[in-house]
Amino acid sequence: MAESLAGRLLVASLSLVDPNFFRTVVLVCLHDENGAMGLVLNRPLSSAPVHEHLPAFAELAAAPPVIFQGGPVEPTAAIALGQFRPGFTPATAVVGRTGLVDLSRPPEDLAAALESARVFAGYAGWSAGQLEGEIEEEAWFVVPALEEDAFTADPTTLWRRALRRQPGKLALFAWAPADPRVN
């Protein structure tokens, strides 16, 4: 492992056709020699409003206020990202003031520390060396994350927007059709 990818985005390349990751944008939250963990930022579950599943967090939920499909690993586990208020530091910082949220803390404590939150069901996980192998196979584009990527009000267009803001030829992938055979 050359350097940690925590705080970076993995943008699915056109060769990644696994339905779990087709055209996804994953924020890498943890990455070390033992593996990596990330959250898919562009898979909102419209049938899963936060207020129905975690009512204590409904007021903090960023728009759209639904639970997101964070990845195929442990899909019944709730994981949250929070945008922390100035002066509060997340235990696990990811990018800027964004970090993982301890959902076992009392909601009133979290409300004091957070400006907003995004709740995920499950996560994306890689064993030691697995993510590096997928990157070497060009399954992922590794790009800088913007703090607002995790809390965008329009997550379904994030794949295209994340690519469009990249320099050079990488931005051209944003305009590729979903099925390159129909191009």
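Before any of the text, the structure's been laid out above.
Nothing here was measured: the structure is a model prediction, and the numbers come from that model.

Section: the nonpolar core
Then comes step 1: One finds Leu 9, Leu 27, Leu 39, Leu 41, Leu 81 and Trp 140 to be the most contacted residues of the largest nonpolar core, which totals 42 residues.
Then comes step 2: Among the elements that line this core, the one with the most residues is strand S2 (residues 25-32), at five residues.
Then comes step 3: Once residues lying within four places of it in the same chain are set aside, the contact partners of Leu 27 are Gly 7, Arg 8, Leu 9, Met 37, Gly 38, Leu 39, Leu 41, Leu 81, Val 94, Val 95, Ala 145 and Ala 150.
Then comes step 4: If you look at the next biggest cluster of nonpolar residues, it comprises 15 residues, including Ala 48, Leu 60, Ile 67 and Leu 110.

Examining the side chain of Arg 23
Then comes step 1: Structurally, Arg 23 can be placed in the loop between strand S1 (8-12) and S2.
Then comes step 2: The residues touching Arg 23, leaving out its near neighbours within four places in the chain, are Ala 12, Leu 14, Asn 42, Trp 159, Arg 160, Ala 176, Pro 177 and Ala 178.

A look at the packing of aromatic side chains
Then comes step 1: Tallied over the full model, the rule gives five aromatic pairs.
Then comes step 2: Judged by centre distance (6.2 Å) and plane angle (80°), the ring pair of Trp 126 and Trp 140 falls under edge-to-face. One end of the pair, Trp 126, is in strand S9 (residues 114-127); the other, Trp 140, is in strand S10 (residues 140-144), with 14 residues separating them in the sequence. The same class applies to Trp 126 as to Trp 140, namely buried.
Then comes step 3: Judged by centre distance (5.0 Å) and plane angle (45°), the ring pair of Phe 141 and Phe 173 falls under tilted. In this pair, Phe 141 sits in strand S10 while Phe 173 sits in the segment after helix H4 (158-164), placing the two residues 32 residues apart along the sequence.
Then comes step 4: You can call Phe 173 partly exposed: its relative accessible area is 32%.

The rules behind each value
- Residues numbered from 1 in each chain as written.
- Predicted model: local features only at pLDDT ≥ 70, side-chain atom pairs only at ≥ 80, totals over all residues.
- Heavy atoms only, no water.
- Core = buried A, V, L, I, M, F, W, Y, C linked by side-chain atoms within 4.5 Å.
- Buried < 20%, exposed > 50% of the residue type's maximum accessible area, 1.4 Å probe, protein only.
- Helix = DSSP H or I, 4+ residues; strand = E, 2+ residues; numbered from the N terminus.
- Contact = heavy atoms within 4.5 Å.
- Phe/Tyr/Trp six-rings, centres within 6.5 Å; stacked < 30°, edge-to-face > 60°.

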